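For reference, the chains in residue letters:
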Amino acid sequence: MKVRFLGTNGWYDTQTGNTICVLIEAGDLSIVLDAGNGIHKLDRYVKEKPAYLFLSHFHMDHIEGMHTMVKMRLESLSIFGMDGTERILNDILRRPYTVPLAEYPYPVTVGELPRDMKKVPFVENVLPLVHASPCIGYRFRLEGKTVAYCTDTGVCDNLVTLAKDADLLITECSELSGRHSDGWPHLNPEDAVAVAQKAGAKRVALVHFNAHLYKTLESREKIQEHLSFKGLTVAFDDSEIEL
Ligand SMILES: [Zn+2]
Ligand SMILES: [Zn+2]
């Protein structure tokens, strides 16, 4: 299984990368996590195959890349998100802003979780996270391995539940070391590693670096100097993990 980080910024694009999007290639499954601007790279890897897109929430940095999806040549696209996803997407993905989903050159369906869990048997669990807007985290079971995807969030019990004994936790690192913002909850590097350790996750990959705070790639690399967790990966755009 390959995990490709197509976009690793939070909030906006800078020279450090695009906003958040992660591709997991597991057998025949192409699983896309969030639709930040990094999603424009998807057709480098996925062509004429079905793809599944899972949305954490509707802050712009997680959906702003959607308007590039019309250029893809997928066999089909199945989009999943929290309750209300279909209405919210149809509100945004329409004229004059962009091409509506119904006019894409491939079939697109929208499902809502947990109601439609049966359609995606490789999704083991979805739970709400703690953020400034409703947001959900995911736990996938793929090729005998568990991968959790949890952004954007503050520290909460559901984050630990989703990451329990995971082979890989992909989570966020919006805040700088030692910083918190209670009004708009996010994780700092110590929080992310503490959650991974509490959950017993084997590996943790940090993504969604707030572009306003992590202005250079060096500022991300420094995280690894201060934290001793063997399974820690600081993700960059176009980096990948073999699982
Ligand atoms: Zn975000
Ligand atoms: Zn957010």
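For the structure itself, look to the data block above.
Residues numbered from 1 in each chain as written. Chains lettered and ligands numbered in written order. Predicted model: local features only at pLDDT ≥ 70, side-chain atom pairs only at ≥ 80, totals over all residues. Heavy atoms only, no water.

### A look at the coordination of the zinc ion (ligand 1)
Convention followed: Water is absent from the atoms considered, so a metal site may look incomplete; donors are defined as N, O and S atoms within 2.8 Å of the metal, or 3.2 Å for Na, K and Ca. Geometry assignment treats four donors as tetrahedral when all angles are between 85 and 135 degrees, treats four as square planar and six as octahedral when opposite donors are over 155 degrees apart and all others between 65 and 115, and treats everything else as irregular. Put simply, DSSP H or I for four residues or longer makes a helix, DSSP E for two residues or longer makes a strand, and each gets a number counted from the N terminus. Throughout, exposure labels follow a simple rule: accessible area from a 1.4 Å probe, protein chains only, divided by the maximum for the residue type, with under 20% read as buried, over 50% as exposed, and the rest as partly exposed.
At 2.1 to 2.3 Å from the zinc ion (ligand 1) lie its protein donor atoms, namely D61 (OD), H62 (NE2), D152 (OD) and H208 (NE2). Seen from the zinc ion (ligand 1), its 4 donor atoms lie at angles of 90 to 164 degrees, and the figure they make is irregular. Of note, the zinc ion (ligand 1) draws all its donor residues from one chain, in the sequence arrangement D-H-x89-D-x55-H. Taken as an interatomic distance, the gap from the zinc ion (ligand 1) to the zinc ion (ligand 2) is 3.5 Å; D152 donates to each of them. Here H208 lies in the loop between strand 12 (204–207) and strand 13 (209–210) and D152 lies in the loop between strand 10 (145–150) and helix 3 (157–163), a separation of 56 residues in the sequence. For H208, a relative accessible area of 3% translates into the label buried.

### Overview of the side chain of N37
Our working definition: Two residues qualify as a contact provided that any one of their heavy atoms is within 4.5 Å of a heavy atom in the partner residue.
Mapped onto the elements of the fold, N37 is located in the loop between strand 4 (29–33) and strand 5 (50–54). Apart from the residues within four sequence positions on either side, N37 is in contact with D13, N18, T19, E64 and G65.

### Quick look at the packing of aromatic side chains
Aromatic ring pairs: the centre-centre distance and the angle between the two ring planes describe each pair. Just so we agree on the cut-off: Each Phe, Tyr or Trp ring (for Trp, its six-membered ring) is paired with any other whose centre lies within 6.5 Å, and the angle between the two planes then decides the class: stacked below 30 degrees, edge-to-face above 60, tilted in between.
Using the criterion set out here, one finds 10 aromatic pairs in the structure. Judged by centre distance (5.2 Å) and plane angle (80 degrees), the ring pair of Y52 and F122 falls under edge-to-face. Here Y52 is found in strand 5, whereas its partner F122 is found in the loop between strand 7 (108–113) and strand 8 (123–128), with 70 residues between them in sequence. F122 matches Y52 in its accessibility class, with the two residues each being buried. Ring centres of F209 and Y214 lie 5.2 Å apart, and the angle between their planes is 75 degrees; this geometry places the pair in the edge-to-face category. In this structure F209 comes out as buried when scored by relative accessible area, which is 0%.

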